[in-house]
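# Structural overview for review
Spelled out from the first residue to the last, the chains are:
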Amino acid sequence: MSRTWSVDEHLEDILRSIRPLEPIELKLLDAQGCVLVEDVIVPTALPPFDNSSMDGYAVRLADVQGASEEFPAVLTVIGDVAAGSGEPPTVAAGQAARIMTGAPIPPGAEGVVPVEWTDGGLGGGAVDGMTARSLSAGGASGEVRVHRPVVPGQHVRARGSDVQPGTVALTAGTVLGPPQIGLLAAIGRGAVKVRPRPRVVVLSTGSELVPPGETLETGQIHDSNSFVLTAAARDAGAIPYRVGSVDDDAETLRSTIEDQLIRADMIVTSGGVSVGAYDVVKEALSQVDSFGAEQEGRSDSATGGVEFRRLAMQPGKPQGFGLIGPDRTPILTLPGNPVSAYVSFELFVSPALRAMMGHDPARRRAVPAHLEGTERLESPLDKRQFLRGLYTPPAQPGETGTVRAVGGSGSHLIVSLAQANALIDIPEKTTEVSPGESVTVVPLD
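Computed from a prediction, not measured in an experiment: that's the story for all the values here. (Residues numbered from 1 in each chain as written. Predicted model: local features only at pLDDT ≥ 70, side-chain atom pairs only at ≥ 80, totals over all residues. Heavy atoms only, no water.)

## Regarding the pattern of salt bridges
Selection rule: A carboxyl oxygen of Asp or Glu within 4 Å of a side-chain nitrogen of Lys or Arg is what we treat as a salt bridge. The buried label goes to any residue with under 20% of its type's maximum accessible area, the exposed label to any with over 50%, and the partly exposed label to all in between, with areas taken from a 1.4 Å probe on protein chains only.
Across all of its chains, the model carries 17 salt bridges by this definition. Across the pair E307 and R309 runs a salt bridge whose closest N-O atoms are separated by 3.4 Å. Look at R309 and you get buried, because its relative accessible area is 4%. Several salt bridges converge on common partners, so that one network encompasses D13, R16, E307 and R309.

## Details of the confidence of the model for the protein
Our working definition: pLDDT runs from 0 to 100 and stands for how confident the predictor is about each residue. By definition, residues are in contact when any of their heavy atoms lie within 4.5 Å.
With 91% of its residues at a pLDDT of 70 or more, the protein has an overall mean of 89. Within the model, the stretch residues 292-303 combines pLDDT values under 50 with 23 contacts to residues more than four positions away or in other chains.

## Quick look at the sheet that holds strand β8 (residues 95-99)
The condition that has to hold: Two strands are counted as paired when DSSP detects at least two bridges linking them. Secondary structure elements are taken from DSSP: a helix is a run of H or I of four residues or more, a strand is a run of E of two residues or more, and numbering for both begins at the N terminus. Axis angles are defined between N-to-C directions and span 0 to 180 degrees, where every axis is a line fitted to C-alpha atoms and, for a helix, only to the segment in contact.
In space, the five strands of this open sheet follow the order β9-β6-β8-β7-β10, with mixed pairing throughout. A single partner strand is all that each edge strand has here, and the edge strands are β9 (111-114) and β10 (143-146). On average, each strand axis in the sheet is tilted by 45° relative to the strand beside it, whichever way the strands run. Of the strand pairs in this sheet, strand β6 (residues 56-59) and β9 are connected by four bridges, and their pairing is antiparallel. The residue of β9 that forms the bridge with V59 is G111.

## Concerning unusual backbone geometry
Note the cis peptide between L46 and P47, where omega equals -5°. Locating P47 in the fold gives a position in the loop between β4 (40-41) and β5 (51-52). Notably, H155 is not glycine yet its phi reads approximately 60°, a positive angle. Here the phi dihedral of D382 falls at roughly 70°; this positive angle occurs in a residue that is not glycine. Inspection of the secondary structure assignment puts D382 in the loop between β24 (377-378) and β25 (384-392).

## Description of the environment of A312
As for its position among the elements, A312 is in the loop between β19 (305-311) and β20 (313-314). For A312, a relative accessible area of 13% gives the class buried. Between the C-alpha atoms of A312 and L381, which are 69 residues apart in sequence, the distance is 9.7 Å.

## Here's the deal with the nonpolar core
Applicable threshold: By nonpolar core is meant a set of buried Ala, Val, Leu, Ile, Met, Phe, Trp, Tyr and Cys residues that side-chain atoms within 4.5 Å join together.
By size, the foremost hydrophobic cluster in this structure holds 40 residues, and its most contacted members are M266, F348 and L353. Counting residues per element, this core draws most heavily on helix α7 (residues 338-357), which supplies 12 residues. Apart from the residues within four sequence positions on either side, F348 is in contact with V7, H10, L11, I14, L311, M313, Q319 and L332.

## Side note on the pairing of strand β22 (residues 329-334)
Within β22, six of the six residues are buried, leaving the element largely enclosed by the surrounding structure. Taking every second residue as pointing to the same face, both faces of β22 are buried, with T329, I331 and T333 on one and P330, L332 and L334 on the other. With four bridges connecting them, strand β18 (residues 266-270) and β22 associate as parallel partners. Across the sheet, the residue bridging to I267 is I331, located in β22. Examined bridge by bridge, strand β21 (residues 318-324) and β22 share five bridges and lie antiparallel to one another. If you follow G322 over to β22, its bridge partner there is I331. Two successive antiparallel strands, β21 and β22, enclose a turn made up of four residues, where G325 displays a positive phi of approximately 80°.

## Quick look at α7
For clarity, the cut-off: The bend at a residue is defined as the angle formed between two axes, one fitted to the seven residues ending at that residue and one fitted to the seven starting there.
The largest bend along α7 reaches roughly 45° and is located at F345. In terms of residue burial, α7 counts as a mostly covered element, since 19 of its 20 residues are buried.

## Considering the packing of helix α4 (residues 225-235) against α7
Put simply, the rule reads: For this classification, under 35 degrees means roughly parallel, over 145 means roughly antiparallel, 65 to 115 means roughly perpendicular, and everything else is oblique. Crossing handedness is read from the near helix: turned anticlockwise from the far helix by less than a right angle, it gives a left-handed crossing, and turned clockwise, a right-handed one. Note on residue classes: Ala, Val, Leu, Ile, Met, Phe, Trp, Tyr, Cys and Pro are nonpolar, Asp, Glu, Lys and Arg are charged, and everything else, Gly too, is polar.
It is the contact of α4 with α7, at a shortest axis distance of 10 Å, that shows an interaxial angle of 25°. It follows from the interaxial angle that α4 and α7 lie roughly parallel. At the point where α4 passes α7, the crossing takes the right-handed sense. Contacts from N225, V228, L229, A232 and A233 of α4 reach α7 at P338, A341, Y342, F345, E346 and L353. Broken down by class, the residue content of the contact of α4 with α7 amounts to nine nonpolar, one polar and one charged.

## Let's talk about the packing of helix α1 (residues 7-17) against α7
As a packed pair, α1 and α7 sit with axes 10 Å apart at the nearest point and diverge in direction by 30°. Classed by the angle they form, the pair α1 and α7 counts as roughly parallel. Judged by the twist between their axes, the crossing of α1 over α7 is right-handed. Between α1 and α7, the contacting residues are V7, H10, L11, I14 and L15 on the first element and L347, F348, P351, A352 and A355 on the second.

Next up, the structure:
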């Protein structure tokens, strides 16, 4: 009888066999969620020129010194300076230029008076804002009364105040989220070199499976696994392709997998990996030669082929992993029960995908939590159990969060899975945990 693997042994074997995808150049929005493979250097200053941080009037300091509502400084308005406009006018003594947020500071100006500190050129008291240019064509001429003085550089964003040229904007290993994408765009980068998102083919097995939306006949159930695993793959940063369900026929499954290899960086199956007479995944993948994999006298996953294992865990005891096809594409075969499939994905597939994308660390983080509730949790001896839980993070740094179990331990209880946001990790040698005791939690967000 083959040995029983621990959760950590199985994961280690998977990660040893996974290689990060080769870097490619991607346009910015296509690179979202990817990992940079090189430092990005700022080519020019940001902002590239002195510009206004307010809508108002660009002025010389001496002209508004001592200005007040009782004794305003009266200046001649010489024109508009809008963001993106051409060469701005020069501000001379006794003059002001009406300026918009983001527009370049015109020559001669030393600060910006917000429009709320002026009469807006209307000849009355302080205004709340500028009249739209289309409604007041003369707003950029005439006179403006300034009610307050300014200090040097007030309301001016200086050139290079965000970042100077030659500095490192982003370092290799950075995951590109929306703020990083925005920074790259701001410094003029249209594309970056990253490790791409893995393409993951997801399929489930079982002649009893029917797509959602179709009527069930006797003995049939809806295919939920291919949907939950596809969603999980997308959530993990991959590009998923849902094939759907395949009947319990080894030749059909083999043919389907072979057809999908051309577009897969990884294949994930669910069902058919236990010890039953209809466990088609084990039957189909035992003939690795049909996928062009070469054996080198070894049976482990590092040589190609698929090895099916028993793990000391609940749920998710039956697992399979290997490398198939001419490109040695990783394939992870997960159990068919919905909870088992999802838990297995989070424990094994998600870290493998992170490793392919170049994330460090690849494994999900685990945190301590105090168990809430009125009943103790029971766990079988010599099995590492992963119960669904509702985790509440700590209110303050340094404190410990709380978690309460959701539903039971059954691997078919998908309703409790939908209510959970974490897994409660109970070690092999622990058979019970009482309320108030500390447990290890794996958040799923």
